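Coordinates in review
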Amino acid sequence: MLTPRLQRMKKKYFDTIPAITAERLVLATEAHKKFAGDAVPIFRAKIVKYVMEHMTTLVMEDELIVGTPTNEYKGANLFPEYTSSKWLIADIDEFPVRKTDPYRISPQDRETILETLKYWDGKALEDLAPQILPEYIENARQKDLISVGCRNGVSGETMPNHKKFLEVGLKGYMEECRRNIEETKGGTKEKQEKIDFWQACIILCEGLITYARRLADEAERQAAGCEDSQRKQELMQIAANCRVVPENPPQSFHQALQMVWFIQVAFHIEAPTTACGFGRFDQYMYPFFKTDCEAGTITGEKALELLEYFYLKCCEVYEVRDRWYAKSFAGYPMWEILMVGGQTREGLDATNDLSYLCLDAAADLQTTQPVLAVRVFEGTPKELIRKGAKMIQQGMANPGFFNDDAAIPMTLGKGCTIEEARDWAIVGCIQPGPGGGTTDGSPDAGYVNAPKVLELVLHNGRDPKTGELLGLETGDPREFQSIEELTEAVKKQLEYFYRMIKDGYDLMVPYHMLRLPVIFASMAMEGCVESGKPVQEGGTKYNTAGMFITGAANLADSLVAIEEVIYKDKMVTMDKLIAALDKNFEGEERLRQLLINKPPKFGNDNEHVDSVARDLLRFCADTVQSWEDSRHGRYSFCNLSQTVNISHGEVCGATPDGRLAGEPYCDNSSPTMGRDLSGPTATVKSVAAIDQKNFHDGALFNLRFDPKGIEGEKGLDIIEGVIKTYFDHGGEHIQINVVDNETLRKAQSKPEDYRGLMVRVAGYMAYFTELDKAAQDTIIDRTAHLK
């Protein structure tokens, strides 16, 4: 039950449209001019420090945890060093009215943004990317055959070493850097580069400490004029907290929460951060909770309330994305994942009292951030799983469940020890990283449009719409004598485009190394301070870069359909099929229905179609995971699409599984929407059968139930049984929506009545009414299992 204060704060959250603000843009521009000429790491650190020293310090009404990355509640910063001013200027009047992820902009900020962006014309990384990438890669990217990471954003998804921050404070980091500088002493280029990095870390720490002290000053200023004795006391406590953390280790649970939040704020001031998660929150926060409880300075009820304040702060961070990214990652996702449960490094149950409170806070608030993740292994208490299942049953779309028996082998594939693998945490969306995530920088290298790859194979490498040669010439498909020949051509084409991503990504990352190293985000990960190198140069202990796929189930279903109707039953010729696809089945509805209904479909526990999907995905994983990236790390494969399945589907013609041209593909690792008709048990067995343990970055699985099929205690047993079956068969991750089509349709027609309706989109949650219709329809199209 939310307190009146929390109810007010939640209402404010719902009533406030996110805003694009100008302050960081203006301050960063001033700093960019002021400090140009310094060594790059020091230059980058001074810019962030300057912003922290001069930005507005907000201590807002009601809040007990303070700090914002911008000068406005629910604000989003602009990062002109990454993002092209060209499209920002062109789209500035579209942001408030666009269908997907709109932003308000005040008239004053609009004018300031337009004026300031003139300085950045042609200077952003995004402006340089077309010059960096070879024409054939840039062309494939623009045609939505692939995406290439690091073109317009920060080069890493980061799991900060919260445990170390809490143990030593920023003062500890500064002392470590000073010792390293003293011991290294310079004398060579390589040594000086390390010294520059350590000096940059110190500078940025000083900036964040100054920002915290400025917040303390503001809280004290407000307290001096406050007539409400309770609020006056709260403001003085806020000031006291900000004078302890982040400079020093926290002395209480409240201060520990404030410390963790300061880390998040720093990330969102430094760079256009996404997927900066909270890792194994119940593990590193529990000692502070336990100490306060034993001292009698906190109760479970008060700790729950503080957690809820913290969760609401998590809802205040946003990233400005262009139209393509807003469509492909719809719903303002930030992937702030907070994990509970699992096991210790020794293999024992890690669940504690705070694990349950974290779920309680999410159930009370029902906000899209943070996203809760429950780690499960054979020693996980049944009570924790039951609590999570009840939240799912009640339609909260939270938490997601993760299987240690799958995630630990995935993590071991990245080269870590078994102890580090048991201590895995999500880096990004659902990707497991070793050592609590603190030793792994995991940027998104890119996505391959798999059904489009098949379309190219069926036209000997050419796009049927334009005739342009976009892929490999793998031969005339009419001359293929078997499904094996066709599958081999598809694999060659897949490898061609994954290598294209690798080549493009490996060209982009050095620009981050040389021009845009992230300092705080590097310092926050184990290995960078020790090695004296930022994450872009491979400073962390383990480095991976994610390779993704869209439309995996569509591709498998299409190949099985071709096998059935052309090579096996010879009901259709390849020439006729291609002709029907090229005209989007116009006049060929009987053929389309044959392709939909006769061949088996992925998601129904059919061993043959499951084996086709498994073979294709295993090929992708084995291929990309054999490659070294530009940071001397490894590429990791992940069966995940976010909502890129919508963008990629728009550029692909009809496919042999019966899908029409332009329609979205399947949802992440899930079956094609509406094709899993044999019940949830069959569905989870199929998705688990794709050899997920071989995907070092995991597999994202969405499942939907109709509420009528899982009511009462029996319904909870069904939910838990489906999760157990999926995990027993090797699945890594499952997230479940419980909502019927009638509710979703009503929410489409009367969004004002369903503002709080949350759904799982990918590895994140969104309010259904904030999604555009294309994203909404893909969720409605998911099979709603009854039981």
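The residue count restarts for each chain, going from 1 along the sequence in the order it is written. At least 70 in pLDDT is required for a residue's local features to be given in this predicted model, at least 80 for side-chain atom pairs to be given and counted, and no such filter applies to totals for whole chains, interfaces and linings, which use all residues. Computation of side-chain values: all heavy atoms of the structure, hydrogens and water removed.

1. Some points on the sheet that holds strand β5 (residues 400–403)
Hydrogen bonds between backbone atoms are what pair the strands of a sheet, whose relative direction is either parallel or antiparallel. Pairing between two strands is assigned when DSSP locates at least 2 bridges connecting them. In this description a helix means any DSSP run of H or I spanning at least four residues, a strand means any run of E spanning at least two, and both kinds are numbered starting from the N terminus. Across the sheet, which stays open at both edges, the 6 strands sit in the order β3-β4-β5-β13-β12-β16 with mixed pairing between neighbours. On the outer flanks of this sheet lie β3 (337–341) and β16 (784–785), each paired with one strand and no other. The pairing of strand β12 (residues 702–705) with β16 spans 2 bridges and is classified as parallel. Residue pairing across strands places phenylalanine 705 opposite histidine 785, the latter belonging to β16.

2. A few points about the packing of helix α21 (residues 483–515) against helix α27 (residues 607–624)
One can describe the packing of α21 onto α27 by two numbers: an axis separation of 10 Å at closest approach and a directional angle of 35 degrees. Here α21 runs over α27; the crossing is right-handed. Side by side, α21 and α27 meet where Thr487, Val490, Lys491, Leu494, Glu495 and Tyr498 of the first sit next to Asp615, Leu616, Phe619, Cys620, Thr623 and Val624 of the second. Its residues assigned to classes, the contact of α21 with α27 shows 7 nonpolar, 2 polar and 3 charged. Orientation is described by axes fitted as lines to C-alpha atoms, over the contacting stretch for helices, and by angles from 0 to 180 degrees between their N-to-C directions. Handedness of a helix crossing follows the sense of rotation of the near helix relative to the far helix, less than a right angle counterclockwise being left-handed and clockwise being right-handed. Any two residues whose heavy atoms approach within 4.5 Å at even a single point are treated as in contact. Note on residue categories: nonpolar means Ala, Val, Leu, Ile, Met, Phe, Trp, Tyr, Cys or Pro, charged means Asp, Glu, Lys or Arg, and polar means any other residue, Gly included.

3. Notes on the environment of aspartate 127
Looking at where aspartate 127 falls in the secondary structure, it is placed in helix α6 (residues 125–132). Exposure remark for aspartate 127: the relative accessible area of 13% places this residue in the buried category. In this structure the C-alpha to C-alpha distance between aspartate 127 and threonine 83, which are 44 residues apart in sequence, comes to 7.8 Å. Pairs of N or O atoms are called polar contacts if they sit within 3.5 Å, as long as, within protein, a hydrogen donor faces a hydrogen acceptor (for residues adjacent in sequence, only side-chain-to-side-chain pairs). A polar contact is formed between the side chain of aspartate 127 and the side chain of serine 84, at a distance of 2.6 Å. In this scheme, a residue with accessible area under 20% of its type's maximum is buried, one over 50% is exposed, and one in between is partly exposed, where area comes from a 1.4 Å probe on protein chains only.

4. Quick notes on the pattern of salt bridges
Criterion for a salt bridge: a side-chain nitrogen of Lys or Arg within 4 Å of a carboxyl oxygen of Asp or Glu. By the definition in use, this model includes 62 salt bridges. One salt-bridge network, in which partners are shared between bridges, spans Arg386, Glu713, Asp717 and Glu720.

5. Overview of the UniProt feature "modified residue: Glycine radical" (unreviewed entry) in the chain
What UniProt calls "modified residue: Glycine radical" (unreviewed entry) maps, in this numbering, to Gly763. In this fold, glycine 763 is placed in the loop between β14 (758–760) and β15 (765–767). Glycine 763 has contacts with Trp335, Ile337, Val371, Cys429, Gln642, Leu700 and Gln735, leaving out every residue within four places of it along the chain. UniProt positions are given in the numbering used here, feature names are shortened, and annotations may be inferred rather than shown by experiment.

6. Quick notes on the packing of helix α20 (residues 450–457) against α21
Helix-helix packing: each pair is described by the crossing angle between the helix axes and the interaxial distance. At a closest axis distance of 9 Å, the pairing of α20 and α21 adopts a crossing angle of 120 degrees. What the angle tells us is that α20 and α21 run oblique. Once α20 is placed against α21, the crossing between them reads as right-handed. On α21, the residues that touch Ala450, Val453, Leu454, Leu456 and Val457 of α20 are Leu486, Ala489, Val490, Gln493, Leu494 and Phe497. Among the residues making up the contact of α20 with α21, the classes are represented as 10 nonpolar, 1 polar and no charged. Note that the term roughly parallel is reserved for angles under 35 degrees, roughly antiparallel for angles over 145, roughly perpendicular for angles of 65 to 115, and oblique for everything else.

7. Considering the packing of aromatic side chains
Side-chain rings of Phe, Tyr and Trp, where Trp is taken by its six-membered ring, are said to pair if the distance between their centres is within 6.5 Å; with planes under 30 degrees apart they count as stacked, over 60 as edge-to-face, and otherwise as tilted. For the coordinates displayed, the defined rule picks out 35 aromatic pairs. Ring centres of phenylalanine 165 and phenylalanine 520 lie 5.6 Å apart, and the angle between their planes is 25 degrees; on these two criteria the pair is classed as stacked. A residue pair is termed long-range when its members are at least 10 positions apart, and phenylalanine 165 in helix α8 (residues 162–184) and phenylalanine 520 in helix α22 (residues 520–523) qualify at 355 residues. Phenylalanine 520 matches phenylalanine 165 in its accessibility class, with the two residues each being buried. Cluster of aromatic residues (ring-pair linked, three or more members): Trp324, Tyr325, Phe329, Trp335, Tyr447, Phe548 and Tyr764. Any Lys NZ or Arg CZ that is within 6 Å of a ring centre and within 35 degrees of that ring's normal is treated as a charge sitting over the ring. Taking NZ or CZ as reference, lysine 12 lies 4.2 Å from the ring centre of tyrosine 73, over its face.

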